Amino acid sequence: MMSISYPKNHDVIVIGAGHAGCEAALASARIGCRTLVLTANIDTIGLMSCNPSIGGVGKGHLVKEIDALGGEMGKAADHAAIQFRRLNTRKGAAVQATRIQADRQSYRTYMKKALESEKNMDIKQRMVESFLVEGGRIAGVKTNLGEHFFSDAVVVTPGTFPNGLIHIGATQISSGRAGEAAATGISESFGSIGFNVGRLKTGTPPRLDGRTIKWDMLEEQPGDKNPKPFSFTNPIIDRDQMSCYITYTNKKTHEVINNNLHKSPLYSGDIKGVGPRYCPSIEDKIVKFPDKDRHQVFLEPDGLGTYEIYPNGVSTSLPLEVQYELVRTIDGLDEVEIMRPGYAVEYDYVDPTQLKPTLETKLIDNLYFAGQINGTTGYEEAGSQGLVAGINAALRVKGEDPFILDRSQAYIGIMVDDLVTKGVDEPYRMFTSRAEYRLVLREDNADMRLGELGYKIGLLKEEDYAKFAIRKKAVADELSRLESIKVVPNSEINEILVRLGASAIKKPHSLKELLRRPEISYRDLEFFESNSSQRLITEDVVSQIEMDIKYEGYIKRQMEQIEKFKKLEDYVIPQSFSYENIPGLSNEIIQKLTSVQPNSLGQATRISGVTPAAISVLMVYLKRDSSQKQSQGHSISS
């Protein structure tokens, strides 16, 4: 096939337009780079391939951080939401999270329009086959039509399409998503360049016809009465919401599955890829938890204009006839019709330890990977990586310093550090338990943590930054006011305190000290002051203030831990540093350090198998290496 060189050069090319690709492309374009998106199907830009929801514990934190930095996922989620729910509201602040049910088509059309409206963006429907590399540096890509597209940087976000293989019972279909062809050429390119390629697996449940469900038999789960938006820039949400419904598998369901396990490609040996441990198929649940006599199933609407229902909890790759048999054993589904069969999909991924913390590959300069290609699962994880990769690709083109978030700054930083330091042996999913400083990394303060960074990069829009600045000032001003106003003890004050369930005071207390008490809420403070102007403060500011004050002692303790953490993170390891011939380091540890190439002593501590003793030895030699270089520099200058 004759090669065709496309005459227009771009600064950044983004391959794929799923959740990672959309965030990468928007970030690159908004920072000021001429950006080209190459996608196999323009109609599926921003498509929610699996469940019609965004957020959840850990995942919601990622969406809030994307939004705080100037990304689009939170705004798209708010626009398309048909139900809002706050999770874990009875638990601690660190694990409270936002989750929305989305209208799948509304989300897709919103994100497609966002890309098409970006002035620095070109979009073309093409299938990328290989990379153009010159002198160890990316130069562009080649499509299956023989076209050569040139750029200074490339971001790869192919989702589950590299060598994608769908399984429905014994039937195998070469596809990255039902109805769409797999990407085979790009997978071959990964191997030929020298990347370590593995196989992972994910799955999806059958989609049900809502008209054939007996809703009156099921437990309704409505949305929140006072919904909170994902995006810090959005006003109060005021719209009708759709309910989800809850049902359960039962012994008969489990019998059907056990009797047909030999027909599941998971257990017949047809599937070689490792699946997500925390989101297993219904077959895995039955086999691995035989003591459980039922499993919860959430029936989630796909949108306002469709009867299609997503039964979250029954992901399966069993044959279609068995899928019918098993779903019809579930309460409320005994006459249900399947609109689309469930399936498992295997796909190629690349070992993420071959990436730098910027998500640039170590093998090829200016080539970035984001999303499921790095071994992750989930829209939120993909979008976060896309944002990081897109920002760094753009900054590299502009000759500016890289953008790296550490573990004390954001869940995004935790995820990227986990990937590039530890790698994966199963699809990676974000949880709050992965965070060492999770009380500091809450959903409600994501804009406070990251808003300045997003604005400095050039990603957070001026009008959005202005909203952030107003909120930040309102929080600071009110905290200062609460600290300055004193409440003097008297019979009336103590009577109010006792009525609120708190103990009486014997000496003057500031309003801040009173609010620190668990029995007293911010709105209760009006009983202790004549001026009730604090009532005019918005609920999001109130929430921020309450959390900052009530958890102040714990937050202070975590900030002290962060200071210690920063000292190790600031101990930079030069890229040229050699671990060979350092006494006290075993061959295994030398091999691991050389493979990961940690950029700091802190990152080295998180490499599996690298002992505290090895870190101590490494610190001594880093100090010695630094002193020698300083001494040599002094001699030359003198």
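On a predicted model such as this, the values are computed, not experimentally measured, just so you know. Per-chain numbering applies: the sequence of each chain, read as written, is numbered from 1 onward. Residue-level local features of this predicted model are given only where pLDDT is at least 70; pairs of side-chain atoms are given and counted only at 80 or more, and the full residue set underlies all totals for whole chains, interfaces and linings. Note that water and hydrogens are dropped before the side-chain values are worked out from all heavy atoms of the structure.

**Quick look at the pattern of salt bridges**
Close approach of charged atoms lets side chains of opposite charge pair.
Turning to step 1, where the next piece is worked out: Salt bridge, as applied in this entry: a Lys or Arg side-chain nitrogen positioned within 4 Å of an Asp or Glu carboxyl oxygen. Throughout the structure, instances matching the rule amount to 44 salt bridges.
Turning to step 2, where the next piece is worked out: The salt bridge involving Arg30 is made with Glu118; its shortest N-O contact spans 3.1 Å. With a gap of 88 residues between them, Arg30 in helix H1 (residues 19-31) and Glu118 in the loop between helix H4 (104-117) and strand E7 (121-125) connect regions that are remote in the sequence. Residues Arg30 and Glu118 agree in their burial class; the two are buried.
Turning to step 3, where the next piece is worked out: Overlapping salt bridges, with partners in common, bring together Arg407, Asp417, Asp418, Lys422, Glu436, Glu569 and Arg606 in one network. Each helix is a run of DSSP H or I of at least 4 residues and each strand a run of E of at least 2, with the numbering of both proceeding from the N terminus. Throughout, exposure labels follow a simple rule: accessible area from a 1.4 Å probe, protein chains only, divided by the maximum for the residue type, with under 20% read as buried, over 50% as exposed, and the rest as partly exposed.

**What to know about the sheet that holds strand E17 (residues 244-248)**
Turning to step 1, where the next piece is worked out: The pairing criterion for strands is at least two bridges between them, as found by DSSP. Here 6 strands make up an open sheet; going across it, the order is E16-E17-E18-E19-E15-E20 and the pairing antiparallel. Lying at the two open borders of the sheet, with one neighbouring strand each, are strand E16 (219-221) and strand E20 (338-340). In this sheet, neighbouring strand axes are inclined to one another by 35 degrees on average, regardless of whether the strands run parallel or antiparallel.
Turning to step 2, where the next piece is worked out: Both E16 and E17 contribute to a ladder of 3 bridges, which runs antiparallel. When the sheet's bridge partners are listed, Glu220 is paired in E17 with Tyr245. Note on definitions: angles span 0 to 180 degrees between N-to-C directions of axes, and those axes are lines fitted to C-alpha atoms, for helices only across the stretch in contact.

**Topic: unusual backbone geometry**
Turning to step 1, where the next piece is worked out: Of note, the phi angle at Asn88 is positive, near 60 degrees, even though the residue is not glycine.
Turning to step 2, where the next piece is worked out: Following the sequence through the fold, Asn88 ends up in the loop between strand E5 (81-87) and strand E6 (97-102).
Turning to step 3, where the next piece is worked out: A residue is classified by how much of its surface remains accessible, and Asn88, at 24% relative accessible area, is partly exposed.
Turning to step 4, where the next piece is worked out: One non-glycine residue with positive phi stands out, namely Gln597, at about 55 degrees.
Turning to step 5, where the next piece is worked out: Its location among the elements puts Gln597 in the loop between helix H18 (587-596) and helix H19 (601-605).
Turning to step 6, where the next piece is worked out: Here Gln597 falls in the partly exposed class, since its relative accessible area comes to 45%.

**With respect to the state of the cysteines**
Turning to step 1, where the next piece is worked out: In this description, the term disulfide denotes a pair of cysteine sulfurs within 2.5 Å. If you walk through the whole model with that rule in mind, you get 0 disulfides.
Turning to step 2, where the next piece is worked out: This cysteine, Cys22, is not joined by any disulfide, and Cys50 carries the nearest cysteine sulfur, 17 Å off.
Turning to step 3, where the next piece is worked out: The exposure class of Cys22 is buried, given its relative accessible area of 1%.
Turning to step 4, where the next piece is worked out: Take Cys33: it sits in no disulfide, and the sulfur closest to it among the cysteines is that of Cys22, at 18 Å.

**A look at helix H17 (residues 552-569)**
Structural remark: α-helix, 3.6 residues per turn; residues separated by three or four positions point the same way.
Turning to step 1, where the next piece is worked out: Take the number of residues in a helix, subtract one, and multiply by 1.5 Å to get its expected span. In this model H17 runs 25 Å from its N-terminal to its C-terminal C-alpha over 18 residues, within 8% of the 26 Å that 1.5 Å per residue would give.
Turning to step 2, where the next piece is worked out: Taken as a whole, H17 has its buried residues at Ile555, Gln558, Ile562, Phe565 and Glu569. Axial view of H17: buried residues confined to an arc of 70 degrees, hence all on one face. Away from the buried face of H17 by more than 90 degrees, exposed residues Lys556, Lys564 and Lys567 are located. Read the arc as the range of directions from the helix axis to the C-beta atoms.

**Observations regarding the environment of Met415**
Turning to step 1, where the next piece is worked out: With respect to the secondary-structure elements, Met415 resides in helix H11 (residues 411-422).
Turning to step 2, where the next piece is worked out: Separated by 16 residues in sequence, Met415 and Phe431 place their C-alpha atoms 9.5 Å apart.
Turning to step 3, where the next piece is worked out: Note on definitions: a residue-residue contact is assigned when non-hydrogen atoms from the two residues lie within 4.5 Å. When neighbours within four sequence positions are excluded, Met415 is seen to be in contact with Glu381, Ser384, Gln385, Tyr428 and Met430.

**Section: the pairing of strand E9 (residues 137-143)**
Note on strand geometry: in a regular strand, side chains alternate between the two faces of the sheet.
Turning to step 1, where the next piece is worked out: Counted residue by residue, E9 has 5 buried out of 7 residues, so it is predominantly covered.
Turning to step 2, where the next piece is worked out: Relative to E9, strand E8 (residues 128-134) runs antiparallel, the two sharing 6 bridges. From the neighbouring strand, Val133 faces E9, where its bridge partner is Ile138.
Turning to step 3, where the next piece is worked out: Here E8 folds back onto E9 in antiparallel fashion, the turn holding 2 residues, of which Gly135 has a positive phi close to 60 degrees.
Turning to step 4, where the next piece is worked out: Pairing analysis gives 3 bridges linking E9 to strand E10 (residues 147-156), with the strands arranged antiparallel. Residue pairing in the sheet places Val141 in a bridge with Phe149 of E10.

**Here we look at the confidence of the model for the protein chain**
Detailed conclusions should not be drawn from predicted coordinates in areas where pLDDT is low.
Turning to step 1, where the next piece is worked out: Each residue gets a pLDDT score, which is the predictor's confidence in that residue and runs from 0 to 100. For the protein chain, the average pLDDT comes to 93, and 97% of its residues sit at 70 or higher.
Turning to step 2, where the next piece is worked out: Here residues 634-638 is a poorly scored stretch, pLDDT under 50, and it has 0 contacts once near neighbours within four places are set aside; other chains count.

**Section: the packing of helix H13 (residues 462-484) against helix H16 (residues 539-550)**
The angle between the axes and the distance between the axes are what describe a pair of packed helices.
Turning to step 1, where the next piece is worked out: The geometry of H13 relative to H16 is characterised by a closest axis approach of 10 Å and an angle of 50 degrees between their N-to-C directions. By the criterion of interaxial angle, the relationship of H13 to H16 is oblique. Both H13 and H16 take part in a crossing whose hand is right-handed. Counting all contacts with H13, which are made through Arg471, Ala474, Val475, Glu478, Leu479 and Leu482, the residues of H16 involved are Asp540, Val541, Gln544, Ile545, Asp548 and Ile549.
Turning to step 2, where the next piece is worked out: All residues other than Ala, Val, Leu, Ile, Met, Phe, Trp, Tyr, Cys, Pro, Asp, Glu, Lys and Arg, Gly among them, are scored as polar; the first ten of these are nonpolar and the last four charged. Looking at side-chain class alone, the contact of H13 with H16 contains 7 nonpolar, 1 polar and 4 charged residues. Orientation is classified from the angle alone, with under 35 degrees giving roughly parallel, over 145 giving roughly antiparallel, 65 to 115 giving roughly perpendicular, and any other angle giving oblique. Each helix crossing is assigned a hand: it is left-handed if the near helix lies turned anticlockwise from the far helix by less than a right angle, otherwise right-handed if that turn is clockwise.

**Quick word on the sheet that holds E5**
Turning to step 1, where the next piece is worked out: Strand order in the open sheet formed by 3 strands is E4-E6-E5, and the pairing between neighbours is antiparallel. Edge positions in the sheet fall to strand E4 (53-55) and E5, since each of these pairs with one other strand and no more. Across the sheet, the mean angle from the axis of one strand to that of its neighbour is 20 degrees, orientation sign disregarded.
Turning to step 2, where the next piece is worked out: Examined bridge by bridge, E5 and E6 share 6 bridges and lie antiparallel to one another. Following the sheet pairing, Phe84 is matched in E6 by Ile100.
Turning to step 3, where the next piece is worked out: This element, helix H3 (residues 73-80), spans E4, E5 and E6 of the sheet and lies at about 115 degrees to E5.

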